[in-house]
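Next come the chains, spelled out residue by residue.
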Amino acid sequence: MTLHENEIPVDETLVRSLLKAQCPELAELPLSPAGAGTDNTMYRLGGDLLVRLPRTAGAARSVRKEQEWLPRLAPLLACVVPEPVHAGTPTGAFPVAWSVYRWIDGDEVRQDTVRDWAAFGADLAAVVRELHGIDLMGATRADGLGWYRGGGLEPCDEWVGRCLDDCRPLVGSELDIDALGRLWRDALALPGPGGPHVWLHGDLKPSNLLVREGRLHAVIDFGALSVGFPDAEHSTVWDLPPQARQVYRDALDLDDVTWTRARAWAIAVGVSGLSYYWHTFPAFVAECRARLEAVLADAAARGV
């Protein structure tokens, strides 16, 4: 499945060749596809390892961030996070960085795998509080950690407007695009974010969270790791049931202004996902659509 015009082709033969050249001690282990996201393709290696390969040169920057920062952040986090085992280097056949990680056992976040959604919301809030409280260790947004979601909403207004327009013919009357636009503009009218910059995971959606025995166990895919304002970090809770979302908000004591900006980030990422991946990645489109539906339902329930 090709998602991007500049995508780098990957198959098992290529992965095996990279392993033979750079970590031959692992090259004969069983290798099998382990899924793919918008930025990376994964292969399970043996029983205990995962190979992660960027789809594009731009996504390779995210791999390098994980290689540099995860070993420094992991000891400061109570939750399980990916552990880099090998930092793959570019080759003629695959001209970008790639990684081998320890495999993390766990279930995807779904209705049938989470035992208590209120407890899940509290657990996720605890992870966010802990990550945001870690010292920056001298890191700044200028150090390749300046992803757009750690900034303000205003620089995104033009492209969000285009994506809203793109969505109208795609979804027809199935989503109230006008209402989403109003909620976006409501957030733009508020004061911008303030306070100190913090560490951000950047994409705490359910597919980047693993549960074990019904409770949150691990946070994976730190490719969006950045430094900045925390508003967008909260946007993915609209992917969760209302009880998890409310407990999360209460646990972090998020005020109305922060919550409104977080909701705007949920809209921005949702409409951009619909616009960009409509014809290429149906599963991700469904994910974005569900998030936008939750935003609208939540706003209606609150009388917004």
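Residues numbered from 1 in each chain as written. Predicted model: local features only at pLDDT ≥ 70, side-chain atom pairs only at ≥ 80, totals over all residues. Heavy atoms only, no water.

> What am I meant to see in the overall build of the chain here?
The helix and strand tally for the chain stands at 8 helices and 10 strands. Against the 2.2 N^0.38 benchmark of 19 Å for 304 residues, the chain shows a C-alpha radius of gyration of 19 Å, consistent with a compact globule. Reported as C-alpha extents along the three principal axes, the dimensions of the chain are approximately 60 × 40 × 40 Å. When burial is assessed residue by residue, the chain has 52% of its 304 residues classed as buried. Between the centroid of the 29 positive side chains of the chain and the centroid of its 42 negative side chains there is a distance of 0 Å. (Helix = DSSP H or I, 4+ residues; strand = E, 2+ residues; numbered from the N terminus. Rg over C-alpha atoms; globule rule 2.2 N^0.38 Å. Buried < 20%, exposed > 50% of the residue type's maximum accessible area, 1.4 Å probe, protein only. Lys, Arg positive; Asp, Glu negative; His and termini not counted. Charge placed at Lys NZ, Arg CZ, Asp CG, Glu CD.)

> Looking at this structure, how should I read unusual backbone geometry?
Glycine aside, residues mostly have negative phi, and peptide bonds are mostly found in the trans state. At M137, a position not held by glycine, the phi torsion is positive, near 55°. Turning to its location among the elements, M137 is positioned in the loop between α3 (117-132) and α4 (157-171). Here the phi dihedral of D221 falls at roughly 55°; this positive angle occurs in a residue that is not glycine. Topologically, D221 is positioned in the loop between β9 (215-219) and β10 (226-228).

> Can you walk me through the packing of α4 against helix α5 (residues 177-188) in this structure?
Think of two packed helices as two axes; the pair is described by the angle between the axes and how far apart they sit. Closest axis-to-axis distance for the α4/α5 pair is 10 Å, and the angle between their directions is 170°. Between α4 and α5, the angle falls in the class roughly antiparallel. The interaxial crossing formed by α4 with α5 has right-handed handedness. From α4, D157, V160, L164, C167, R168 and V171 reach across to α5, where they touch I177, D178, L180, G181, W184 and L188. Considered class by class, the residues forming the contact of α4 with α5 number 8 nonpolar, 1 polar and 3 charged. (Axes fitted to C-alpha atoms, helices over the stretch in contact; angles between N-to-C directions. Parallel < 35°, antiparallel > 145°, perpendicular 65-115°, else oblique. Left-handed = near helix turned anticlockwise from the far one by under 90°. Contact = heavy atoms within 4.5 Å. Nonpolar A, V, L, I, M, F, W, Y, C, P; charged D, E, K, R; others polar.)

> Can you help me understand the environment of L3 in this one?
Along the chain, the position of L3 falls in the segment before α1 (12-22). The class of L3 is buried, set by a relative accessible area of 7%. With 36 residues separating them in the primary sequence, L3 and D39 have C-alpha atoms 8.9 Å apart. Ignoring sequence-local partners within four residues, the contact set of L3 consists of G37, T38, R55, Y276, Y277, T280 and F281.

> Looking at this model, I keep getting lost on α1. Mind explaining?
Think of an α-helix as turning once every 3.6 residues; residues three or four places apart then point the same way. Residues of α1 that are buried include every one of L14, V15, L18 and L19, and no others. For α1, the angular spread of the buried residues around the axis is 135°, confining them to a single face. Residues of α1 that are exposed and point over 90 degrees away from its buried face: T13 and A21. Each element contacted by the buried residues of α1 is listed here: β1 (31-36), β2 (40-45), β3 (49-54) and β5 (98-102). The N-capping residue of α1, defined by a side-chain oxygen 3.2 Å from the backbone nitrogen of T13, is D11. (Arc of directions from axis to C-beta. Polar contact = N/O pair within 3.5 Å; in protein donor to acceptor, adjacent residues only side chain to side chain.)

> Sorry, what's going on with the side chain of E233 here?
By the element assignment, E233 lies in the loop between β10 and α6 (242-252). No salt bridge is formed by the buried E233; its nearest oppositely charged neighbour, R149, is found at 7.5 Å. A polar contact is formed between the side chain of E233 and the backbone nitrogen of G202, at a distance of 2.8 Å. Leaving out residues up to four positions away in the same chain, E233 has contacts with V128, L131, H132, W199, L200, H201, G202, D203, L204 and Y248. (Salt bridge = Lys/Arg side-chain N within 4 Å of Asp/Glu carboxyl O.)

> Explain the pairing of β3 here, please?
It is a general feature of regular strands that their side chains alternate between the two faces of the sheet. Among the 6 residues in β3, 6 count as buried, and that is most of the element. On β3, burial covers both faces: L49, V51 and L53 on one face and L50, R52 and P54 on the other are all buried. Of the strand pairs in this sheet, β2 and β3 are connected by 6 bridges, and their pairing is antiparallel. What sits directly across from Y43, in β3, is V51. (Pairing = 2+ DSSP bridges.)

> Which parts of the structure should I look at to understand the sheet that holds β9?
Hydrogen bonds between backbone groups are what pair the strands of a sheet, and the pairing can be parallel or antiparallel. Spatially, the 3 strands line up as an open sheet ordered β6-β8-β9, and their pairing is antiparallel. The sheet is open, and its two edges are formed by β6 (107-108) and β9, each paired on a single side. As defined by bridge partners, strand β8 (residues 209-212) adjoins β9 across 4 bridges and the pair is classed as antiparallel. Looking across to β9, one finds that L209 is bridged to V219. Sitting on the sheet, α3 is in contact with β8 and β9, with an inclination near 30° to β9.

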